[in-house]
Amino acid sequence: LSKTVVPVFLMTYITLGHLHRMYINYLGYDLDFTGPQMVITIKLYAMAYNLYDGHLLAKGIEDRAAKKCAPWAVADVPGIIEYLGYTFNFSTILAGPAYEYTTY
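Residues numbered from 1 in each chain as written. Predicted model: local features only at pLDDT ≥ 70, side-chain atom pairs only at ≥ 80, totals over all residues. Heavy atoms only, no water.

*Asks:* I'd love a proper account of the packing of helix α1 (residues 5-24) against helix α2 (residues 34-59), names of residues and values included.
*Replies:* Packing of α1 against α2 leaves a shortest axis separation of 9 Å and a crossing angle of 170°. Relative to α2, the element α1 is oriented roughly antiparallel. Only T34, Q37, M38, T41, L44, Y45, A48 and Y49 of α2 make contact with α1, whose side of the interface consists of V6, P7, L10, M11, Y13, I14, G17, H18 and R21. In terms of residue class, the contact of α1 with α2 is built from 11 nonpolar, five polar and one charged. (Axes fitted to C-alpha atoms, helices over the stretch in contact; angles between N-to-C directions. Helix = DSSP H or I, 4+ residues; strand = E, 2+ residues; numbered from the N terminus. Parallel < 35°, antiparallel > 145°, perpendicular 65-115°, else oblique. Contact = heavy atoms within 4.5 Å. Nonpolar A, V, L, I, M, F, W, Y, C, P; charged D, E, K, R; others polar.)

Right, here's the structure in full:
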């Protein structure tokens, strides 16, 4: 579920945000929500795949990508405070970089 639904939702949301920006302020130079939203999209995309890899490794399913990404795999869904802290970390929300949850 996290491997398919989360990326589709995130990419749809960021695409609609960019289309809204193009419609409202085409070729303008205003800061809007799409800059931080791109960093959040990268973080949540990585979190979804880290959870997926952790799920595969916990079940013992042989997957080359999961083995390669095992150091960053997340076995359990984090608590709400940890999740929000990772997602909206003040030092990386405006310009990045996006990093793995296990590094946070």
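That shown, we press on.
*Asks:* Lay out the environment of V74 in plain terms, naming residues and giving numbers.
*Replies:* Within the secondary structure, V74 sits in the loop between α3 (64-68) and α4 (80-87). When the C-alpha atoms of V74 and N89 are compared, they prove to be 19 Å apart, with 15 residues separating the residues in sequence. Residues contacting V74, with those up to four places away along its chain left out, are N50, L51, G54, H55, Y101 and T102.

*Asks:* Run through the nonpolar core, naming residues and quoting values.
*Replies:* Residues M47, L51, V74, Y86 and Y101 constitute the largest nonpolar core, which totals five residues. When neighbours within four sequence positions are excluded, M47 is seen to be in contact with P78, Y83, Y86 and Y101. (Core = buried A, V, L, I, M, F, W, Y, C linked by side-chain atoms within 4.5 Å. Buried < 20%, exposed > 50% of the residue type's maximum accessible area, 1.4 Å probe, protein only.)

*Asks:* So what about the packing of aromatic side chains? Which residues, and what values?
*Replies:* Going through the model one piece at a time under the given rule, you end up with six aromatic pairs. Relative to Y99, the ring of Y86 has its centre 6.2 Å away and its plane inclined at 70°; by these criteria the two rings are edge-to-face. With Y86 in helix α4 and Y99 in the segment after α4, the pair connects residues that are 13 residues apart, well separated along the chain. Assessed through its relative accessible area of 0%, Y86 is described here as buried. When the ring of Y101 is compared with that of Y104, the centres are 6.4 Å apart and the planes differ by 35°; the resulting orientation is tilted. Using a relative accessible area of 16% as the deciding quantity, one classes Y101 as buried. By relative accessible area, which is 45% here, Y104 ends up partly exposed. The rings of Y86, Y99, Y101 and Y104 are connected pair by pair, giving a single aromatic cluster. The ring of Y86 has K43 sitting right over it, with the charged end atom 5.5 Å from the ring centre. When the ring centre of Y99 is taken as reference, the NZ or CZ atom of K43 above it lies at 5.4 Å. (Phe/Tyr/Trp six-rings, centres within 6.5 Å; stacked < 30°, edge-to-face > 60°. Lys NZ or Arg CZ within 6 Å of the ring centre and 35° of its normal.)

*Asks:* Account for α2, with residues named and values stated.
*Replies:* With 26 residues, α2 ought to run about 38 Å at 1.5 Å a step, and its terminal C-alpha atoms sit 37 Å apart, in line with that. Positive phi appears at G60, one or two residues downstream of α2, with a value of about 80°. (Expected span 1.5 Å × (residues − 1).)

*Asks:* An account of α1 is requested, with residue identities and associated values reported.
*Replies:* Helical geometry note: an α-helix holds 3.6 residues per turn, so side chains three or four residues apart project in the same direction. Helix length check: α1 (20 residues) gives 28 Å between terminal C-alpha atoms against 28 Å at 1.5 Å per residue, within 8%. Here α1 has its buried residues at P7, L10, I14, G17 and R21. For α1, the angular spread of the buried residues around the axis is 105°, confining them to a single face. Turned more than 90 degrees away from the buried face of α1 sit V8, F9, L16 and Y23, all of them exposed. Elements that come into contact with the buried residues of α1 comprise α2. (Arc of directions from axis to C-beta.)

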